[in-house]
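Working through the structure, step by step
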Amino acid sequence: MNDAAPGLDDNTQNELARLVESNDVLLFMKGNRGAPQCGFSAAVVEILDRYVPDYTTVDVLSNPEIRTGIKKFSDWPTIPQLYVHGEFLGGCDIIKQMDTDGELITALGDAVAKVDPPTVTLTDSAAEVFRQASAEGDRGDELRVTIDSAYRHDLSLGPSQQHDIAVIANGIKLVFDPSSARRASGLVIDYIKEPQEGFKMDNPNAPAQVTQTSPAEIKAWIDAGEAMHFLDVRSPEERNTARIEGTVLLGSDNIDALMQLPKDTKIVFHCHHGMRSYQAAQHFTQQGFRNVHNMVGGIDAWSNEVDASVPKY
């Protein structure tokens, strides 16, 4: 997109063009990859995370010129907006449909990370049930294992799909989509009859749970000099209104470095009332972090319970 968009000033036009041209996969969104600030942005992040280990996000909430300008630049009225290899693909609904149709992974091209077949153990009892299911299914159907970002597991019969990753376990062929394959290494599938008959999935990659932690306990950690990352997932405007000393604003400039931290690093999140920060904390557990805390009640509770000098808003 070389021609200036109507109503867009030259500086914003040039900055948007630079961003689009210099990033293979670029998502304009509300919030950032670690802490989406709306459900539509979160949905596109979840889809991209299945396929692309490294991509760039731009938080439109922190830059009003970009927020307004990108809508003119792409001639598209809503956020998020996804660009791949310099081409505008669309917003949330289009990306979801492209993913369903198998078109997104094709558009992403070489940005998609190569996924090796996972090591999967299938017990004899589970293998027998699968053999019976395969015999009763339609010819050409595959036994599909799906693992979503919350590590919910699903088993189904269906046709093969482009980019499926196949695994042979105990003589049975299983297929995974790329995102499920990344989450499946070490998976053990069993079939049990007690206490309730059905498949049992033991996945060592399942994320730890977010720990809900009080402001008083977090303050005690700070006073004791305990090593941790205390992250603020609010907007820059909110942070200008009130902030907790020693916290760091989570943004596109530090998310990649945070993702490279050891997975046992203690990370504490806070927002205004504790809801947005809980979503951010969940995202980090889904990336493998095991010592993740959400501050209950957010900065509002901190002001009430720890430090009344922090303004309430």
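Going by the structure above, here's the rest.
Everything in this summary refers to the structure shown in the same document.

Conventions adopted
- Residues numbered from 1 in each chain as written.
- Predicted model: local features only at pLDDT ≥ 70, side-chain atom pairs only at ≥ 80, totals over all residues.
- Heavy atoms only, no water.
- Helix = DSSP H or I, 4+ residues; strand = E, 2+ residues; numbered from the N terminus.
- Contact = heavy atoms within 4.5 Å.
- 1 Å grid on protein atoms, 1.4 Å probe; cavity = no way out; pocket = protein on both sides within 12 Å on 5 of 7 lines; lining within 4 Å.
- Points joined across faces, edges and corners; volume = space filled by probe spheres on them.
- Nonpolar A, V, L, I, M, F, W, Y, C, P; charged D, E, K, R; others polar.
- Salt bridge = Lys/Arg side-chain N within 4 Å of Asp/Glu carboxyl O.
- Buried < 20%, exposed > 50% of the residue type's maximum accessible area, 1.4 Å probe, protein only.
- Pairing = 2+ DSSP bridges.
- Axes fitted to C-alpha atoms, helices over the stretch in contact; angles between N-to-C directions.

1. A closer look at unusual backbone geometry
In this chain, Ile79 is followed by Pro80 through a cis amide linkage whose omega measures 10 degrees. Following the sequence through the fold, Pro80 ends up in the loop between helix H3 (64–74) and strand E5 (81–84). Even without being glycine, Asp75 reaches a positive phi, approximately 55 degrees. If you trace the backbone, Asp75 turns up in the loop between H3 and E5. The phi angle at Asn170 is positive, at roughly 55 degrees, despite the residue not being glycine. Mapping Asn170 onto the fold places it in the loop between strand E10 (165–169) and strand E11 (172–176).

2. Some remarks on the environment of Leu8
Residue position: Leu8 is located in the segment before helix H1 (10–22). With 63 residues separating them in the primary sequence, Leu8 and Lys71 have C-alpha atoms 9.7 Å apart. Here Leu8 is in contact with Gln13, Leu16, Gly69, Lys72 and Phe73, once residues within four sequence places are set aside.

3. Remarks on the layout of surface pockets
There is about 920 Å³ of room inside the largest pocket. Around the largest pocket, the lining is made up of 30 residues, and of these Asp49, Arg183, His283, Gln286 and Gln287 lie nearest the centre. At the level of secondary structure, the elements contributing two or more residues to the lining of the largest pocket comprise helix H2 (39–51), helix H7 (178–182), helix H10 (255–259) and helix H11 (275–286). Counting residues per element, the lining of the largest pocket draws most heavily on H2, which supplies five residues. Of the residues assigned to the lining of the largest pocket, the class counts are 10 nonpolar, nine polar and 11 charged. If you add up the space inside the second largest pocket, you get close to 550 Å³.

4. Details of the pattern of salt bridges
Counted by the stated rule, this structure contains 13 salt bridges. The salt bridge partner of Asp232 is Arg239, with a shortest N-O separation of 3.0 Å. According to the relative accessible area criterion, Asp232 is buried, its value standing at 0%. Put simply, Asp232, Arg234 and Arg239 are held in one network by salt bridges that share partners.

5. Some details on the side chain of Asn203
Mapped onto the fold, Asn203 is located in the loop between strand E13 (198–202) and strand E14 (211–213). Non-local contacts of Asn203, meaning those with residues more than four positions away in its chain, are made with Ile147, Tyr151, His153, Arg183, Ala184 and Leu187.

6. Considerations on the sheet that holds strand E1 (residues 25–29)
Read across the sheet, four strands follow the order E4-E1-E5-E6 without closing on themselves; strand pairing throughout is mixed. Only two strands of the sheet have a single partner each, and these edge strands are strand E4 (56–59) and strand E6 (87–90). This sheet shows a mean twist of 25 degrees between the axes of neighbouring strands, independent of strand direction. Two strands pair when backbone bridges link them, and E1 and E5 are joined in this way by four bridges, in the antiparallel orientation. Bridging from a neighbouring strand, Leu26 pairs with Tyr83 of E5. Running at roughly 160 degrees to E1, H2 makes contact with E1 and E5 of the sheet. Running over the sheet, H3 touches E1, E4, E5 and E6 and is turned about 60 degrees from E5.

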